[in-house]
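Spelled out from the first residue to the last, the chains are:
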Amino acid sequence: MRAGHRSATALVIVLAMMLVWLLLDGVGAVNPIRDTLTGIIAPLQLVFGRALSPVTDQLEALGRGAELQRENQELENQLAELRSQIILLAEAQLENEDLRRQLGFKSAVPNFQLIAAEVIGRDPSSYLHYLVIDRGSVDGIRLGMPVLTDAGLVGRISRVSQSSSQVMLLTDSQSAVGAYIQRSRATGVVQGNLGPDLVMRYILQDETVIIGDIVLTSGLGGAFPKRLVIGQVVDVRQNDVDAHQEAVITPAVDMSTLENVLVLLNYDPGGLLAEP
Amino acid sequence: MAAAQHCIQGRHPIGLYIAVPVALLLALAQTTVLGNATVLGVHLNLLLLFAISWVLRRGLSEGLMIGLLGGMILDVSSAAPFGTWIASLAVAISLAALGEVNVFQGAWFLKFGVVAGAVLLVNLVSVTILRIAGYDPILLRSLGRVIVPELFLHILLMPVMYGLVKWIVNRIEPPAVEF
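Thresholds applied
- Residues numbered from 1 in each chain as written.
- Chains lettered and ligands numbered in written order.
- Predicted model: local features only at pLDDT ≥ 70, side-chain atom pairs only at ≥ 80, totals over all residues.
- Helix = DSSP H or I, 4+ residues; strand = E, 2+ residues; numbered from the N terminus.
- Buried ≥ 20, exposed ≤ 12 C-beta atoms within 10 Å, placed from the backbone.
- Contact = placed C-beta atoms within 7 Å.
- Pairing = 2+ DSSP bridges.
- Axes fitted to C-alpha atoms, helices over the stretch in contact; angles between N-to-C directions.
- Domains from an automatic or database assignment.
- Nonpolar A, V, L, I, M, F, W, Y, C, P; charged D, E, K, R; others polar.

Q: Could you clarify how one ought to interpret the overall build of chain B in this entry?
A: Secondary structure assignment for chain B yields seven helices and zero strands. Helices and strands appear in chain B in the N-to-C order α-α-α-α-α-α-α. Within chain B, the proportion of its 179 residues that are buried is 48%. Counting contacts in chain B only where the partners sit at least 6 residues apart, residues at least 24 apart contribute 71% of the total.

See below:
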């Protein structure tokens, strides 16, 4: 009985402490403690993740043997197709640059300064889509910086500690990115939907959206540079009584298998986000 | 002194020396290798399964320690306000402690009822805190989309985790003397 009473008291004390703690967190008073704990736990996550990754990779490969074989064949076909496109694009770029030089324009290709980072952790909640990377303020990471891979946009830096940072993925319900459809130039906002796919909202009804369309960042709002690949349209939801139509987009980057990312260092996210 | 008190109550303090490292490893796994994996679109909460199984076998005090330390690791990796995981685990663990002392102790359905209640409480507490912190109302609409697969998944895995915890506890507790 006495043990039960003591346990109940302990529970009340823990919950009261947590309430105070959450209030303090709301005003940012616990950030130094959180940063200290992150400094201790982030290296442990790095070691733990690296130690177990060969085992998990093998298990995953075993479970997806047939699927991987088919995927590999498809990728080989795509690679051959892309190689031929690259040659054509390289030619077009040379021609484009030559014409721009003649007209006295600056290069339209942005000069990205990128830093590579390893994914060391993930948000354990089913409601939040965030990553932890092994680069922090000492590496020049600042709040709001865009995060990408060679395949496309991943998200943006949402919290910075000394040696690690947190990345809000495009798939998080809080994420919203100004975007346009490459073919039709129709604009909208790409939002996370708590699932693997994204939703592009606020596309005008008279715009044409086709399955397979490529979606790029519009640069509107200043949070991301223009022309970063977001993904591809896989479904269109159109209702005549609505002012706008929606498109379901599969991200160009598979967020569930990300191991390494790039952080864009020399992009100022429009002063929309405060310094950490 | 604390060790002596534990022994008087029939709880050997060695339990904590085993439970805490296991809980920390499970929390690290949840934020690293298991963080990549989703089943039915949701994450597996091994720490919760371990904590409530431990509480059912060993009592609330040790369970709270597991929740506090394991939850701290989850909180550091989470974008939720710091303490969300500790608070939600503490509430779920306290529910599991009711299972330890009630008249149905030992009944086969008890652990399923406890895990179902714990999953519901963890989700409700974390979504409430996220809403208070200003996160999108999409969370409330998604509650059902997350809770149903989480209930299914955790109820399915509970016998495995409970069996493991029972096996560990049987090795650290002296066998009960029966007359």
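Q: How should the sheet that holds strand β6 (residues 176-181) of chain A be read in this particular structure?
A: Sheet strands pair by backbone hydrogen bonding; their relative direction is either parallel or antiparallel. Residue and element names in this part refer to chain A. Pairing within the closed barrel is antiparallel, and its six strands lie in the order β6-β7-β8-β11-β10-β9. Each strand axis lies, on average, 40° off the axis of its neighbour in the sheet, ignoring direction. Inspection of the sheet shows β6 paired to strand β7 (residues 187-192) by five bridges, in the antiparallel sense. Bridge assignment links G178 to a residue of β7, and that residue is V189.

Q: What should I look at first to understand the sheet that holds strand β5 (residues 165-169) of chain A in this one?
A: Residue and element names in this part refer to chain A. The strand order around the closed barrel formed by six strands is β1-β2-β5-β4-β3-β12, and the pairing between neighbours is antiparallel. The average angle at which neighbouring strand axes cross in this sheet is 45°, direction not considered. Across five bridges, strand β4 (residues 153-160) lies against β5 in antiparallel orientation. From the neighbouring strand, I157 faces β5, where its bridge partner is V167.

Q: What should I look at first to understand the domain arrangement of chain A in this one?
A: By convention, interface size is frequently given as the accessible area that disappears when the constituent parts associate. As assigned here, chain A comprises domain 1 (2-62), domain 2 (64-103) and domain 3 (113-270). Considered class by class, the residues forming the side of domain 1 of chain A that touches domain 3 of chain A number two nonpolar, four polar and one charged.

Q: Even after reading the chapter, I still don't get the interface of chain A and chain B, so can you show me in this structure?
A: Taken residue by residue, the interface counts 43 residues in chain A and 45 residues in chain B. Elements supplying a minimum of two residues to the side of chain A that touches chain B: α1 (2-26), α2 (31-63), β1 (114-122), β2 (130-133) and β5 of chain A. If you tally residues by element for the side of chain A that touches chain B, the top one is α1(A), at 12 residues. Among the residues making up the side of chain A that touches chain B, the classes are represented as 21 nonpolar, 18 polar and four charged.

Q: I would appreciate a short explanation of unusual backbone geometry in the present structure.
A: Trans peptide bonds make up most of the peptide bonds, and negative phi angles are found at most residues other than glycine. All names here are of chain A. Positioned with a positive phi, R185 is a non-glycine residue whose angle comes to about 65°. With respect to the element layout, R185 can be found in the loop between β6 and β7. What makes R185 exposed here is the crowd of 10 C-beta atoms within 10 Å. Within the chain, Y202 stands out as a residue other than glycine whose phi angle is a positive 60°. Mapping Y202 onto the fold places it in strand β8 (residues 198-204). Under the C-beta neighbour-count criterion, Y202 is labelled partly exposed, with 16 such atoms within 10 Å.

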